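Understanding the architecture of this molecule
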Amino acid sequence: MENISKSFLEKVARRLLQDYPENMQQACVIMPNRRATVFLKRHLSAILTKPAFGPSIFSIEDFVFDSVGFHEADQLELLWELYECYSKSGNTHLFEEFLKWGKVLLQDFEDVDMHLVDANYLFNYLSEAKAIELWNPGKSTLTEGQQRYLSFYRSLGELYTQFTQRLLEKRIAYKGLAFRYFVELVNKSADEWKWKHFYFAGFNALTPAEKGIIDSIEATNTLTRLFDADTYYVDDSRQEAGKYLREIARDIKPGKFEWVGNNLLEGSKNINVIGVPHNTGQVIVAASLLAEIKDAEAGNTAVVLNDESLLIPLLNAMPDNISHFNVTMGYPFSLTPVYGLMDILLNLHLHAFERKRKNSTAVEGSGKLRYYFRNVASLLKHPYIIGFLAVDGDDKHEPVISLLGSGKVFFEKDEILNHFNNHLRGMELLKMVFGDWSNAANAIENLLSINRLLAEAKSADKVKETSNMDVEYLYQFNLILNRLKLLTDRAGEELSLRGLHQLLKNIAAGTQLPFVGEPLRGVQIMGMLETRTLDFKNIIMLSVNEGVLPAGKHGNSFVPFDIRKETGLPVHSDRDAVFAYHFYRLLQRCDNMHLIYNSTPGELGGGEKSRFILQIEHELLKLNSRINYFDQAYSPTVRFDQAVKEISIAKTNDVQLRLAEMAQYGLSPTALSTFVSCPLKFYFSYVLRISEEDTTDDTMDASTFGSGIHDALKDLYEPYMKQPLTVAIIDAIAKEANKALHQNFLKAYKNNDLNYGKNLLMVKVAESFLRRFLQMEKEQIHDLERTMNLLTITAIEHEFFKEQPWVLRIEINGNQNFQVRLRGKADRIDIAGNVVRVIDYKTGSVLPKELKFDDWDQLSIDPEKGKSLQLLIYSYLNARENNTAFPEAGIISFRHLNEGFMGVTMPVGPTPVIEEIENQIRKLLQRIFDPALPFNQTTDLKNCEYCPFKGICNR
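Residues numbered from 1 in each chain as written. Predicted model: local features only at pLDDT ≥ 70, side-chain atom pairs only at ≥ 80, totals over all residues. Heavy atoms only, no water.

What follows covers the nonpolar core. Core analysis: the largest hydrophobic core is formed by 247 residues, its most contacted members being F63 and Y717. Once you skip the residues sitting within four places of it in the chain, F63 turns out to touch C28, I30, F58, F182, W193, W195, F198 and I217. (Core = buried A, V, L, I, M, F, W, Y, C linked by side-chain atoms within 4.5 Å. Buried < 20%, exposed > 50% of the residue type's maximum accessible area, 1.4 Å probe, protein only. Contact = heavy atoms within 4.5 Å.)

The following block contains the structure:
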């Protein structure tokens, strides 16, 4: 045993020079991955004092494929070859159905070959186990579905044989098949190898195939195994990190297990554990740690990302002092913007084709494709599309806003293109977007053309820092599309558009975009597997959470856990042991290790430290007193001087000028009740005229629902205004009710579809409301007729003082003649017997307490009495306009039709009601226009619950 102070690869380099000082080219070094070969060459060049031929250095994967003479097939090629074998066996599944499980089967075949499992035995065993699972003595025979289930498992052995034979005939292979072929069929003698000495360096978990490769070479050649191990986990059988090394040590001759160090138990180091809320917080902390790294130490520093989605945020957060860094991990294609755009495009057309299919027999079906507004919005708001439209000028957003603001839920192609007639480049792109996507071949051609246009635009972008990475994304996507084009040429019509979408998802999930940089300079950013055999003095590791490092117990396979265990296939505990080794091996020779984990609990109880941190804390620290261990929780700095304060808007000169305009134009009862509810909301809505974004939705909102019913009632009752209503008239209205309702809903809902989903339910609810309302009208007419009275509607949607404004005078800044116009529109005014009624229709909820008050001042200060205030102002305006007595004010609530007319209950006093109402209106106007009184937030947070401005107020 020896204490290794040098890095592992430096020690390998010195060993090579020691064994072959003059003729190193006679040695062949085989390592776990390609990254290790690059760093070993650097160490060799550093210790050589004169020019020399170096050894041959391979990753084990490259060595095997070079030895067997096979081409390594990618997943796309393998999937298609497997599907063709599957189809020739008499199966009729479409390729898109096969894709759902083909990838899982490929991984099982990989495991079978890497672990040299007898495939026939395994799949026969699996088939029998599934048959026993369905065995049901004395019961009915198996269903057709169960028979297909068993048939599938019985076919796996034959499918494996046909598939592997097909690949070998074509001289292509996946990794496991190539390794198995080497073990079983490559039998080279010592003279057939061009090297005299083989070194296998840095291996840990050797699969049976890898062991077989090493054994076959060792049988005829000189072979040295160099391990990077530590007594802490090798000698302790409880440590999972040493599981595979202990197995290797038992299998080889004594003295052949080199090297074992003692750094974890004797070395000094600083371990800093940092709990950080959320992933963004982890990146911030990592960037702050990198900011403290000196330039001379950058080359000896690694950032290890256990969650690859943090790569781009980290690159964006790199501090200025890190002038050079190298990314040695791939970036998942599925996380790129170009994949997001591809997904949007295919969803856009799949949704349109599916809708066309469903409506093919419907009356409304015209045969044209109609595109769902959410898909169209996602497309037009994608950053690549926004950037492309920018070349047409500053008004690039205008057609997008116009189109999406039209309120339509489904668009035809021409409706979309017409909005972009003045955007030449935009039209070029959109004609491809909305071209012929009826099959996979056409879709790929369109994607290639769109990709080319976007790449040209990005390449011409003068801001190269922002476009270079996008160009690389688009280039890689172009490679994928061209390979898919070759596949579709072979597949013919077997690959549907949905199959293409599924295939692209599978490819994206397994495609890593390579970063090209200087691997030997600056900070190294890598995943855990890329750290194999490498040593760094400073390590910053992110996402050191349980369930991430090691990963959770998930993984798809057709082979159940118990059969995998029995036949020697890997299970999740084997994977955990591999990552435990990688973790502790990194810790062996580092000086400073920062372990950052997400402290925010997730839906399934996340936010936990990795077990590896707990093992350090509760086990390693007790054995090595030279480790300085720090455990801290990070939280962003809070600036208390920026604490949320109450918002108060002073009435500046500009505000007063706007208020003067409002006084001249007129204030409505709704505006006054808004002021009572919250003066600040009144300021935003009426002074600044800020309105909510007019967004389209595929289901009508409450406002549209109410407008449809209001407008339908107006159309139905207008022909019978100012004449007594009769039962016959109501029956006539009832016959036209549904038609009027549908027409007005289509008008309010911008001619969108009302015949599906929630919209259809809401239409049916409205029809029910209208039926019950008309029945209530008939009952009221009957009741009035018994007392020789009539019901007559005198006005519908009546706007008060439309020709001659009604103004109230208040005193502002000494001006006793400051005039404010009042305006309003009542839903209905009628005469029931001798009683004039001003009625407001409500489709929302109305509580009795909202229509009753005991003190007149409640109208101007209590938001809960807002409905009473509005109704009484309508009655006030009616009385002033007609110079008549104060009419009754009330609501007809469609949710409470059994209540009938719900009148406002007012306090009784000596002062006439009209004077009391006018007095309250003056009080409100005085507060609104008084320059000394600012617009403040409401103190009643109940009013903020559904306020559109609560985000501004932080309520």
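What follows continues from the structure just given.
For the structure shown, the criterion picks out 61 aromatic pairs. Measuring from centroid to centroid gives 6.1 Å for F333 and Y339, while their planes differ by 70 degrees, and the two rings are edge-to-face. Y339 shares its class with F333; the two are buried. Ring geometry for W806 against Y876: centres 6.4 Å apart, planes inclined by 70 degrees, an arrangement best described as edge-to-face. Placement of W806 in strand 21 (residues 806–812) and of Y876 in helix 34 (residues 866–882) is noted, with a sequence separation of 70 residues between them. On the basis of relative accessibility, which here comes to 0%, the residue Y876 falls in the buried class. Over the face of the ring belonging to W259 we find K11, whose NZ or CZ atom lies 5.0 Å from the ring centre. (Phe/Tyr/Trp six-rings, centres within 6.5 Å; stacked < 30°, edge-to-face > 60°. Helix = DSSP H or I, 4+ residues; strand = E, 2+ residues; numbered from the N terminus. Lys NZ or Arg CZ within 6 Å of the ring centre and 35° of its normal.)

In space, the 5 strands of this open sheet follow the order 2-1-5-6-7, with parallel pairing throughout. A single partner strand is all that each edge strand has here, and the edge strands are strand 2 (56–59) and strand 7 (258–261). Pairwise comparison of adjacent strand axes, ignoring direction, gives a mean angle of 15 degrees for this sheet. When strand 6 (residues 222–230) meets strand 7, the two strands line up parallel, connected through 3 bridges. From the neighbouring strand, A229 faces strand 7, where its bridge partner is V260. (Pairing = 2+ DSSP bridges. Axes fitted to C-alpha atoms, helices over the stretch in contact; angles between N-to-C directions.)

Bringing the pattern of salt bridges into the picture now. In the structure shown here, the tally under the stated rule is 46 salt bridges. A salt bridge links E81 to K170, with the shortest nitrogen-to-oxygen separation between them at 2.8 Å. On the criterion of sequence distance, the pair formed by E81 in helix 4 (residues 75–88) and K170 in the loop between helix 7 (144–169) and strand 4 (172–173) is long-range, its members being 89 residues apart. Look at E81 and you get buried, because its relative accessible area is 2%. With a shortest N-O distance of 2.8 Å, R225 and E218 are connected by a salt bridge. We classify R225 as buried; its relative accessible area is 10%. Here the salt bridges do not stand alone but share partners, grouping E81, E84, R166 and K170 into one network. (Salt bridge = Lys/Arg side-chain N within 4 Å of Asp/Glu carboxyl O.)

Glancing now at the packing of helix 34 against helix 35 (residues 913–929). Each pair of packed helices can be described by the angle between their axes along with the distance between the axes. Two elements in contact, helix 34 and helix 35, have axes separated by 10 Å at closest approach and are oriented at 115 degrees. Here helix 34 runs over helix 35; the crossing is left-handed. Residues L869, L872, I873, Y876, A879 and R880 of helix 34 pack against I914, I917, E918, I921 and L924 of helix 35. Considering only residue class, the contact of helix 34 with helix 35 consists of 9 nonpolar, no polar and 2 charged. (Left-handed = near helix turned anticlockwise from the far one by under 90°. Nonpolar A, V, L, I, M, F, W, Y, C, P; charged D, E, K, R; others polar.)

Let us look at the environment of N347. With respect to the secondary-structure elements, N347 resides in helix 15 (residues 337–358). A residue is classified by how much of its surface remains accessible, and N347, at 31% relative accessible area, is partly exposed. As a C-alpha pair, N347 and Y372 span 25 residues in sequence and 9.8 Å in three-dimensional space. With sequence-adjacent residues up to four places away left out, N347 is seen in contact with N375 and H501.

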